[in-house]
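Structural characterization, general
Below are the chains, spelled out letter by letter.
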Amino acid sequence: MFGYILANMEKLEPEDRYRYQACYCGLCRSLKNRHSRISQLTLNYDMTFLALFLTAVYDAPESLSMNKCRLHPFKKQEYVKSEILDYASDMNVVLAYYNLIDNWNDEKSALSLCEARLLEKQCRKMEQKYPRQCRIIRSKLEELTAIEKNNILVPDIPAACFGDLMGEIFVPFDDSLDEKLRAFGCALGKYIYILDACIDLKKDLQKKNYNPMIMYHKGEFDDILHMLMADVVDAYQQLNIKKDRAIIENILFSGVLMKYELFKKRSEKKK
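Reference entry: report on the structure contained in this document. (Residues numbered from 1 in each chain as written. Predicted model: local features only at pLDDT ≥ 70, side-chain atom pairs only at ≥ 80, totals over all residues. Heavy atoms only, no water.)

**Thoughts on a nonpolar patch on the surface**
Residues L205, I214, M215 and Y216 make up a contiguous nonpolar surface patch of roughly 390 Å² in combined accessible area. Take M215: it is sitting in the loop between α7 (178-207) and α8 (221-237). We classify M215 as exposed; its relative accessible area is 62%. (Patch = residues over 30% accessible without salt bridge, like charges linked within 9 Å, V, L, I, M, F, W, Y side chains within 5 Å. Areas by Shrake-Rupley, 256 points an atom, 1.4 Å probe, with all protein chains shown as cover. Salt bridge = Lys/Arg side-chain N within 4 Å of Asp/Glu carboxyl O. Helix = DSSP H or I, 4+ residues; strand = E, 2+ residues; numbered from the N terminus. Buried < 20%, exposed > 50% of the residue type's maximum accessible area, 1.4 Å probe, protein only.)

Structure (structure tokens):
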């Protein structure tokens, strides 16, 4: 369910690509400085979007720096530094840890357990720093596990559960914006959950894994996703974002669909 909230780089203007990359590099450096080099391996574009989005909502102060890194040893890369990026890196570690533990519980993946142990110390610190977010993330992942074990085939139920999880991540502070931010994160989480289920349906059927879309025909997927995206758009418009708007809308209305469009093209080729 993670890994969908990324930009369609081909449709971004050069200056927006540069800005997006600077935020991504900033998140990577924040993971290293605040947590560990190991945590950099959990870096993902979902949390880059979180940082960009929250920075735009709060018009948060930030600074730029230049440095080399292991990935770019010969040329200095510009990266962003900010309180919001640090929050995104903290959430990155928390989500990575709980996701690995979930993989261990579901699939008994020894690799996932080993990787989780490497992040456990950092995650425990984040649980103390962000008790609200961590409590919700844990409880919603447990709910999702129960829903899957009970094979509940009403898509709204697991989607709402994952939406609640995402909604909490999008609320860094307790302030006047928390209701609108939670509503946006929740709508986006529902959309991503169903999108992932649509793409994975055939694979899940073959492996006899849980998938709430089993009762639906793939010809219905587009309409369902359009309705869910309408909720995302409505929640997004309530926030009246201006900063980095081109990047944010590229991600929401183009980037998140890239895997789905690829899925549909492959289905057409097979026909």
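There is more to say, and it comes next.
**Observations regarding the packing of aromatic side chains**
Applying the stated criterion to the full structure yields 13 aromatic pairs. Judged by centre distance (5.7 Å) and plane angle (80°), the rings of F53 and F170 are edge-to-face. Linking F53 in helix α2 (residues 45-58) with F170 in the loop between α6 (156-169) and α7, this pair joins segments that are 117 residues apart in sequence. The pair F53 / F170 is uniform in exposure class, with both members buried. Grouping aromatic residues by their ring pairs yields a cluster made of F49, F53, F170, F184, Y236 and F253. Positioned above the aromatic ring of Y79 is the side chain of R29, whose terminal nitrogen or guanidinium carbon lies 4.8 Å from the ring centre. Looking at K259, its charged tip hangs above the ring of Y4, at a distance of 4.7 Å from the centre. (Phe/Tyr/Trp six-rings, centres within 6.5 Å; stacked < 30°, edge-to-face > 60°. Lys NZ or Arg CZ within 6 Å of the ring centre and 35° of its normal.)

**Considerations on the side chain of S65**
Of note, S65 is situated in strand β1 (residues 63-67). With relative accessibility at 17%, the residue S65 sits in the buried group. A polar side-chain atom of S65 sits 3.5 Å from a polar atom in the side chain of K81. Apart from residues no more than four positions distant in its own chain, S65 is found in contact with Q77, E78, Y79 and K81. (Polar contact = N/O pair within 3.5 Å; in protein donor to acceptor, adjacent residues only side chain to side chain. Contact = heavy atoms within 4.5 Å.)

**Overview of the nonpolar core**
In this structure, F49, F53 and F184 are the most contacted members of the largest nonpolar core, which totals 85 residues. When residues in this core are grouped by element, the largest group, 13 residues, is from α7. Once you skip the residues sitting within four places of it in the chain, F53 turns out to touch F170, L181, F184, Y236, L239, I241 and I248. (Core = buried A, V, L, I, M, F, W, Y, C linked by side-chain atoms within 4.5 Å.)

Keep in mind these values describe shape, not function.
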